[in-house]
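# Structural overview
As a plain string of letters, each chain reads:
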Amino acid sequence: MVLCVLGLVPPTWVYLSADSSLRDPGDVPRTEVAMVFGAGLRGDEPSPYLARRLDAAVGLYHAGRVEVILVTGDNSREEYDEPDTMRAYLTRQGVPDRRIVSDYAGFDSWDSCVRAREVFGVDRAVLISQGFHIRRAVALCRAAGITSYGVGVPDRRNAVWYYGATRELMASAKAASDVVLRPSPRFLGPKEPGVAAALATGR
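In this report, the structure presented in the accompanying data block is examined.

### Some remarks on the packing of helix H2 (residues 48–62) against helix H3 (residues 82–92)
- Contact geometry of H2 with H3 gives a least axis separation of 10 Å together with a crossing angle of 50°. Regarding the angle of H2 to H3, the classification is oblique. The interaxial crossing formed by H2 with H3 has right-handed handedness. Packed against H2, whose contacting residues are Leu50, Ala51, Leu54, Asp55 and Val58, the element H3 presents Met86, Tyr89 and Leu90 at the interface.
- Partitioned by chemical class, the residues of the contact of H2 with H3 number seven nonpolar, no polar and one charged.

Below, the structure is given as structure tokens:
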């Protein structure tokens with residue numbers, strides 16, 4: 001019983017710490033930066049889950065709610081490039097290339113949040129992900145020093161959704177560990193001016 005209770009502490013922390021920061025797309029405060037987390041590719045295209053995240057970012061951009069979109073994902077090997085695939089998708093949907101910034105070392109949610117703050121200088125952002133992940137993303141980015149608002153993208157509750165939701169129970173334990181231990185990202189690197197430069201360009 002004690003082990004069960006302890007096992008529920010991390011997901012409960014994630015749920016409660018992010019609850020007040022969740023927003024519907026129409027209620028998102030005007031914010032300079034939207035941040036889209038990678039969610040896999042299918043060949044040279046975003047996975048359906050990732051495409052829906054990107055669609056939400058496109059909607060916020062065209063509604064004037066955000067000015068720049070930071071895409072963060074995995075490019076750890078030459079043949080797998082989430083950020084550039086995300087960028088190409090966004091430009092096809094009418095987002096100017098100059099308003100998109102790519103983070104090629106967003107290997108997990110903690111790395112993405114820390115790099116957004118420490119490398120790209122983001123201190124306030126709208127985070128976009130599926131509903132089962134968005135609370136963890138908000139909790140981690142807040143712990144990394146970013147004032148965060150979360151937009152949970154709705155999805156059909158199919159086998160992939162249930163897998164993701166179940167995985168979150170385990171991922172919440174890692175999230176709690178990351179917040180306590182504050183490990184350095186797998187790759188931090190120097191500061192990059194991409195977000196500031198993108199904000200300096202016109203829409």
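### With respect to the state of the cysteines
- Using the criterion set out here, one finds one disulfide in the structure.
- Between the sulfur atoms of Cys113 and its disulfide mate Cys141 the distance is 2.1 Å. When the S-S torsion is -85°, as for the bridge of Cys113 with Cys141, the disulfide is left-handed. Taken as a pair, Cys113 in helix H4 (residues 109–118) and Cys141 in helix H5 (residues 131–143) lie far apart in primary sequence, 28 residues in all. As far as burial versus exposure is concerned, Cys113 and Cys141 are alike and both buried.

### Let's talk about the packing of aromatic side chains
- Overall, the coordinates contain one aromatic pair when judged by the stated rule.
- Relative to Phe132, the ring of Tyr49 has its centre 6.2 Å away and its plane inclined at 40°; by these criteria the two rings are tilted. Linking Tyr49 in helix H2 with Phe132 in helix H5, this pair joins segments that are 83 residues apart in sequence.
- Since its relative accessible area comes to 18%, Phe132 is described here as buried.
- Its end group placed over the ring of Phe107, Arg186 keeps NZ or CZ at 4.2 Å from the ring centre.

### Things to note about the environment of Pro83
- Tracing the backbone shows Pro83 in helix H3.
- What makes Pro83 buried here is its relative accessible area of 0%.
- For the pair Pro83 and Tyr104, spaced 21 residues apart in sequence, the C-alpha to C-alpha distance is 6.1 Å.
- When near neighbours in sequence (up to four residues on either side) are disregarded, Pro83 contacts Val71, Gly73, Asp74, Asn75, Ser102, Asp103 and Tyr104.

### Quick notes on the pairing of strand E6 (residues 124–130)
- Taking burial as the measure, the seven residues of E6 include six buried ones, the bulk of the element.
- Relative to E6, strand E1 (residues 31–37) is paired through four bridges, and the arrangement is parallel. Residue Met35 lies in a different strand from E6, and its bridge partner there is Leu127.
- With seven bridges joining them, E6 and strand E7 (residues 147–153) adopt parallel strand pairing.

### Brief notes about the packing of H4 against H5
- Orientation of H4 relative to H5, taken along the N-to-C sense of each, is 40°, at an axis distance of 9 Å. When the axis of H4 is compared with that of H5, the two are oblique. The hand of the H4/H5 crossing is right-handed. Contact residues: H4 offers Ser109, Trp110 and Cys113, while H5 offers His133, Arg136, Ala137, Leu140, Cys141 and Ala143.
- Tallied by class, residues from the contact of H4 with H5 come to six nonpolar, two polar and one charged.

Rules used in this analysis
Residues numbered from 1 in each chain as written. Predicted model: local features only at pLDDT ≥ 70, side-chain atom pairs only at ≥ 80, totals over all residues. Heavy atoms only, no water. Axes fitted to C-alpha atoms, helices over the stretch in contact; angles between N-to-C directions. Helix = DSSP H or I, 4+ residues; strand = E, 2+ residues; numbered from the N terminus. Parallel < 35°, antiparallel > 145°, perpendicular 65-115°, else oblique. Left-handed = near helix turned anticlockwise from the far one by under 90°. Contact = heavy atoms within 4.5 Å. Nonpolar A, V, L, I, M, F, W, Y, C, P; charged D, E, K, R; others polar. Disulfide = S-S within 2.5 Å. Buried < 20%, exposed > 50% of the residue type's maximum accessible area, 1.4 Å probe, protein only. Phe/Tyr/Trp six-rings, centres within 6.5 Å; stacked < 30°, edge-to-face > 60°. Lys NZ or Arg CZ within 6 Å of the ring centre and 35° of its normal. Pairing = 2+ DSSP bridges.

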